[in-house]
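Listed below, chain by chain, are the residues.
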Amino acid sequence: DFYPNSVVQAQTTPVTLTRYSDPLNIIIIMASSSVRLPPPLLFINNEFVPAVSGKTFPVINPVTEEVIVEVAEGDAADVDKAVAAATEAFKTWRKSTGDERYRLLNRLAELIEENADNLAVLESMDNGKPVSQARFVDMAGAAKHFRYYAGWAGKNWQGDPSRWQPGYLHPPRVGRCGRCHCVV
């Protein structure tokens, strides 16, 4: 399942989709009349959790101006939890082989591809772009992104920077990074 925490159930909401014909006359018709929404929680330490503060904010469909869902509003305490979890997870990740990283990154790409239709509708609802663009550009691009980096991880470097050759790949060490993103 795309939503890994089995305790949290994804909710389903009815969606009205119209036929969309782009300038190239590609017509997209979604087969389902509903879309699965991700849990309106933060994803920290491989679990969906509410914000420490309990605060939420509305995600609004820019086309209809209707509230799609209320999502958890993370703040400094949530960032601290996420950084602590990332620090702990990195201890395992850094010891993983390139082949293990290859397998995991490819699995993420597979999950995106398996759920691309649902994710595309969510993306369209969130930012107002055509479903076809979200499906065939954004979702396809996201999967390709993870497959590209899986390919690098699968090389025989085994994640060991001492094996990197001069003139090839030398990413700067920046430590842990955070990103705020709402996928709805």
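Look up a bit, the structure's there.
Residues numbered from 1 in each chain as written. Predicted model: local features only at pLDDT ≥ 70, side-chain atom pairs only at ≥ 80, totals over all residues. Heavy atoms only, no water.

A. Quick look at unusual backbone geometry. Positive phi, normally seen in glycine, also occurs at Asn45, with a value near 60°. Structurally, Asn45 can be placed in the loop between β5 (42-44) and β6 (47-49). The exposed category is assigned to Asn45, whose relative accessible area is 56%. Even without glycine at this site, Asn46 takes up a positive phi of about 60°. With respect to the secondary-structure elements, Asn46 resides in the loop between β5 and β6. With relative accessibility at 54%, the residue Asn46 sits in the exposed group. (Helix = DSSP H or I, 4+ residues; strand = E, 2+ residues; numbered from the N terminus. Buried < 20%, exposed > 50% of the residue type's maximum accessible area, 1.4 Å probe, protein only.)

B. View of the packing of helix α2 (residues 98-114) against helix α4 (residues 131-153). Put simply, α2 and α4 touch, their axes get as near as 8 Å, and they point 170° apart. Taken together, the axis directions place α2 and α4 in an arrangement best described as roughly antiparallel. Here Gly98, Asp99, Arg101, Tyr102, Leu105, Asn106, Leu108, Ala109, Glu110, Ile112 and Glu113 of α2 lie close against α4, whose contacting residues are Met139, Ala142, Ala143, Phe146, Arg147, Tyr149, Ala150, Gly151 and Ala153. Residues of the contact of α2 with α4, tallied by class, amount to 12 nonpolar, three polar and five charged. (Axes fitted to C-alpha atoms, helices over the stretch in contact; angles between N-to-C directions. Parallel < 35°, antiparallel > 145°, perpendicular 65-115°, else oblique. Contact = heavy atoms within 4.5 Å. Nonpolar A, V, L, I, M, F, W, Y, C, P; charged D, E, K, R; others polar.)

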